[in-house]
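# Descriptive analysis of the structure
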Amino acid sequence: MSVSIVVGAQWGDEGKGKIIDVLSASADMVLRYQGGANAGHTVYIGQKKYVLHLIPSGILRPGVVCVIGGGVVLDPEAFKAEIDVLHDAGIQTQGRLLISPRTHIILPYHKKLDQCSEDQKGRQKIGTTGRGIGPAYVDKYNRAGLRAIDLLNEAIREERIRENLKLKNFIIEKYYNEEPLDESLILQQAAAHAELIRPYIAETIERVDTALRGKRSILVEGAQGALLDIDYGSYPFVTSSHPVAGGAFIGSGLGVVPDAEVIGVAKAYLTRVGNGPFPTELNDATGTLLRDRGGEYGATTGRPRRCGWLDLVALRYSARINGLTQIALTKVDVLDGMDRLKVATAYTLDGHELDTFPADPEEQKRIQPVYKTLEGWNDSTASDSISALPRQAREYIAYMEDYLKIPVKIVSTGQRRDQILFA
Ligand code: IMP
């Protein structure tokens, strides 16, 4: 048996899509366990770019079975758009893409409430993707959600949507002063969505168990990043699910797999999209340089990403909350040609030194990074092995490994599938 959980080790957008795509070449099954169409996993195959939001990136490898687990919140409209793109590209989905009957469904009122809440004056904006993620998880935990299996049952579907919409429309109209949503339109769309997803719904628990017992190779695909985790991230500037590796065991239905490999994908520098603390953010020419070179614009919303230096304190915190066993370091090539590189090794707060990411949001805002400056490299990182990387790049990696006490086993040096090195 081999189970590898691939998680974002920072604030998302670490390049998980590419790592999953490369690793899924030898996988039998890829499972997605949390989040929804707020994610954007970009994969380049030759010149063609695929951006997947909901469907596991493993779908791009023929023969790999992909599972959307019960921990995901599925937007049928986003799902339709994605399968249309895949089918147009000649990629078959039926029979190899399974949706757990327990997956919760995102409805139009979730997206409306997400947008209303973000637009509300006087409220501190989270900077969500507007995809209805938070409100859908609220309904799930409030036991008012509609799951994929419920969507298929006309009586349950209609009753629950009607019941929910009464309260949602009350809030939309009376609290947000917006137009209420049309019940009959939502019911009609939901009926069509039921038929769309019906062929994909399968008892994934059994399929996953069979794969585990058959010692198949299973890859578990995280979305977002550990620092956006609802419990351990920079709350309230977080997403509403558990991107950390522990979430994989629940959200995929795998159960605890004690010897799973936990691969933390980390960018060689740092980015964040949306609001919230970012101690190593660079609001200067270096930040702009990183954004331009790294193409740092959100795959889902197109928003420019905030850029900064690698934060080892936050990454060590992430390693702890995930139980990382190895790191996949991405976008190392973006640093090519930079004279000096800084990495945060501690924070200072009111004259004290901190060596972990604080829980207090006020402290998160005020902490100042303590930097170690490392030598940059002029040569290109385009290499065929880690040992052939420029000396300074190897030293940068060795410094990370020594600080984190975790090996960097994968290094990505470009967008293409072949631009990847294994230790
Ligand atoms: P939500 O997940 O749309 O509710 O957004 C909550 C926070 O998570 C915002 O700061 C988003 O920008 C961020 N976020 C959500 N999904 C992603 C992602 O896939 N990559 C990076 N940030 C994300």
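Residues numbered from 1 in each chain as written. Predicted model: local features only at pLDDT ≥ 70, side-chain atom pairs only at ≥ 80, totals over all residues. Heavy atoms only, no water.

## Let's talk about the site of the ligand
Cut-off, in case you're wondering: By convention in this text, a residue qualifies as near a molecule or strand provided that one of its non-hydrogen atoms is within 4 Å of it. Side-chain atoms alone can form a polar contact between residues adjacent in sequence; in general such a contact is a pair of N or O atoms within 3.5 Å, and within protein one must be able to donate a hydrogen while the other accepts it. Surface accessibility in these figures is a Shrake-Rupley result with a 1.4 Å probe; residues are shielded only by whichever protein chains are displayed. When residue character is reported, Ala, Val, Leu, Ile, Met, Phe, Trp, Tyr, Cys and Pro are called nonpolar, Asp, Glu, Lys and Arg charged, and the others, Gly included, polar.
Residues in close proximity to the ligand total 16 residues, the closest being Asn38, Thr129, Thr239, Val273 and Arg303. One nitrogen or oxygen atom from the side chain of Asn38 is found 2.8 Å from an oxygen atom belonging to the ligand. Side-chain polar atom of Thr239 to an oxygen atom of the ligand: 2.6 Å apart, as the coordinates give it. When the ligand sits alone it has 470 Å² of accessible area, and the protein chains cover 97% of it. Considering only residue class, the shell around the ligand consists of six nonpolar, eight polar and two charged.

## Overview of the packing of aromatic side chains
The condition is simple: Two aromatic rings from Phe, Tyr or Trp, using only the six-membered ring of Trp, form a pair when their centres are within 6.5 Å; if the ring planes differ by under 30 degrees the pair is stacked, by over 60 it is edge-to-face, and anything between is tilted. Going along the chain from the N terminus, every DSSP run of H or I of four or more residues is numbered as a helix, and every run of E of two or more is numbered as a strand. Between buried and exposed lies partly exposed: a residue is buried under 20% and exposed over 50% of the maximum accessible area for its type, with that area taken using a 1.4 Å probe on protein chains only. Only when the NZ of Lys or the CZ of Arg is both within 6 Å of the ring centre and within 35 degrees of the ring normal is a charge said to sit over the ring.
Evaluation of the coordinates by the stated rule reveals seven aromatic pairs. Summarising the aromatic geometry, the rings of Tyr317 and Phe357 are spaced 5.9 Å apart at their centres and angled 35 degrees between planes, so their arrangement reads as tilted. Placement of Tyr317 in helix H11 (residues 312–322) and of Phe357 in the loop between strand E16 (352–354) and helix H12 (361–366) is noted, with a sequence separation of 40 residues between them. No difference in accessibility class separates Tyr317 from Phe357, as the two residues are buried. Against the face of Tyr50 rests Lys48, its NZ or CZ located 5.1 Å from the ring centre.

## Let's talk about the nonpolar core
Spelled out, the test is: We call a set of buried residues a nonpolar core when its members are Ala, Val, Leu, Ile, Met, Phe, Trp, Tyr or Cys and they connect through side-chain atoms within 4.5 Å of each other. The split of the chain into domains comes from an automatic or database domain assignment. The contact criterion used is simple: two residues touch if any of their non-hydrogen atoms lie within 4.5 Å.
Core analysis: the biggest nonpolar cluster contains 68 residues, and Val3, Ile5, Ile218, Val220, Leu254, Leu335 and Tyr396 have the highest contact counts within it. Shared between two domains, this core holds at least three residues of each, these being domain 1 (2–101 + 200–262) and domain 3 (265–422). Setting aside its immediate chain neighbours within four residues, Leu335 contacts Ala268, Tyr269, Leu290, Arg293, Leu341, Trp377 and Tyr396. Within the second largest apolar cluster, 50 residues are counted, among which are Leu107, Ala194, Leu196 and Val265.

## Some thoughts on empty space enclosed by the protein
Stated formally: Of the two site types, the cavity is a set of points on a 1 Å grid over the protein atoms alone where a 1.4 Å probe fits but cannot get out, and the pocket is an open set with protein on both sides within 12 Å along at least five of seven lines, each lined by residues with an atom within 4 Å of a point. Grid points are joined across faces, edges and corners, and a volume is the space filled by probe spheres set on the points.
Under the criterion given, the structure shown has one cavity of 30 Å³ or more. Considered as a void within the structure, the largest cavity measures approximately 60 Å³ in volume. For the largest cavity, the full set of lining residues is Asp75, Pro76, Glu77, Ile106, Leu107, Pro108, Lys111, Ile186, Gln189, Ala190 and His193. Looking at the lining of the largest cavity, the element that brings in the most residues is helix H7 (residues 183–197), giving four residues. Looking at the lining of the largest cavity, its residues break down into six nonpolar, two polar and three charged.

That is the geometry; function is a separate question.
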